[in-house]
Amino acid sequence: QVPLAESGGGSVQPGGSLRLSCVLDAAIFSIYDWGWYRQTPGKQRDLVAATFHDDTTFVADFAKGRFTISRDNRKNTVVLQMNGLRPEDTGMYYCRRGRDFRWDDYWGQGTQVTVSS
């Protein structure tokens, strides 16, 4: 499978912002659903936000009002804009592909986000 390339993680102070990008170097992109998940040590991966093939989106309650997900089908890119970051947002963030509202076992390698003062 063609790898997903995630980037944009880093360390910020509470209240800061980060912009995560997931790029798929493949001819087909627009037909898929795309999600951002996060995982903290000892916990499962939770869905943070998703953008679907029909242009609908989902944002988890803990991220509403702070995070925005968008996609650019011409650039094969999905972006998670995170504002107002909190220490509890710390974790590894993963991009995941899906199709027709069903998630595939197709993940990126993850990008670390650390929020601390």
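Each chain carries its own residue numbering, running from 1 in the direction its sequence is written. With the structure being a predicted model, the display of local features is reserved for residues of pLDDT at least 70 and the display and counting of side-chain atom pairs for 80 or more, all residues being used for whole-chain, interface and lining totals. Side-chain numbers here rest on the full set of heavy atoms in the structure, without hydrogens or water.

Let us now look at the packing of aromatic side chains. One pair of aromatic rings is described through two measures. These are the centre distance and the angle between the planes. Only Phe, Tyr and Trp rings take part, Trp by its six-membered ring, and two of them pair if their centres are within 6.5 Å. Stacked means planes under 30 degrees apart, edge-to-face means over 60, and tilted covers everything else. Considering all chains together, one arrives at seven aromatic pairs under this definition. Look at Tyr37 and Trp103: their rings are 5.9 Å apart centre to centre, the planes differ by 85°, and that puts the pair in the edge-to-face class. Placement of the pair is Tyr37 in strand 4 (residues 33-39) and Trp103 in strand 10 (residues 102-107), with a sequence separation of 66 residues. Each residue gets one of three labels from its accessible area relative to the maximum for its type: buried under 20%, exposed over 50%, partly exposed in between, using a 1.4 Å probe on protein chains only. On the basis of relative accessible area, Tyr37 is assigned to the buried category, the value being 7%. Given a relative accessible area of 26%, Trp103 falls into the partly exposed group. Between Tyr94 and Trp107, the aromatic rings sit 6.1 Å apart at their centres with planes inclined by 85°, giving edge-to-face as the arrangement. You can see Tyr94 sitting in strand 9 (residues 91-99) and its partner Trp107 sitting in strand 10, a full 13 residues away along the chain. Since its relative accessible area comes to 10%, Tyr94 is described here as buried. Using a relative accessible area of 23% as the deciding quantity, one classes Trp107 as partly exposed. In DSSP terms, a helix is any run of H or I states spanning at least four residues, a strand is any run of E spanning at least two, and both are numbered starting from the N terminus.

Attention shifts here to the pairing of strand 5 (residues 46-51). Along any regular strand, the residues point their side chains to alternate faces of the sheet. Both strand 4 and strand 5 contribute to a ladder of five bridges, which runs antiparallel. Pairing of Tyr37 across the sheet is with Leu47, part of strand 5. We call two strands paired when DSSP finds no fewer than two bridges between them. Two successive antiparallel strands, strand 4 and strand 5, enclose a turn made up of six residues, where Gly42 displays a positive phi of approximately 80°. The turn linking strand 5 back onto strand 6 (residues 57-59) is made up of five residues, and Asp55 within it adopts a positive phi angle of 75°.

Moving on, we get to the pairing of strand 4. With six of seven residues buried, strand 4 lies mostly within the body of the structure. Bridge analysis of strand 4 against strand 9 gives seven bridges, and the strand direction is antiparallel. Paired with Trp36 across the bridge in strand 9 is Cys95.

For the rest of this paragraph, the subject is the nonpolar core. By size, the foremost hydrophobic cluster in this structure holds 25 residues, and its most contacted members are Trp34, Trp36, Phe67, Leu80, Met82 and Tyr93. If you list the elements that add at least two residues to this core, you get strand 3 (18-24), strand 4, strand 5, strand 7 (67-72), strand 8 (77-82), strand 9 and strand 11 (111-115). Throughout, a contact is declared for two residues whenever any of their heavy atoms are within 4.5 Å. With sequence-adjacent residues up to four places away left out, Tyr93 is seen in contact with Glu6, Leu20, Trp36, Tyr37, Arg38, Val48, Phe67, Leu80, Met82, Gly110, Thr111 and Val113. What makes a nonpolar core is a set of buried Ala, Val, Leu, Ile, Met, Phe, Trp, Tyr and Cys residues whose side-chain atoms join them at distances within 4.5 Å.

This next bit is on unusual backbone geometry. At Asn76, a residue that is not glycine, the phi angle is positive and equals roughly 55°. Of note, Asn76 is situated in the loop between strand 7 and strand 8. On the accessibility criterion, Asn76 (12% relative accessible area) is buried. A positive phi is found at Phe101, a non-glycine position, where the angle reads about 70°. Among the structural elements, Phe101 can be located in the loop between strand 9 and strand 10.

Nothing here speaks to function; it is geometry throughout.
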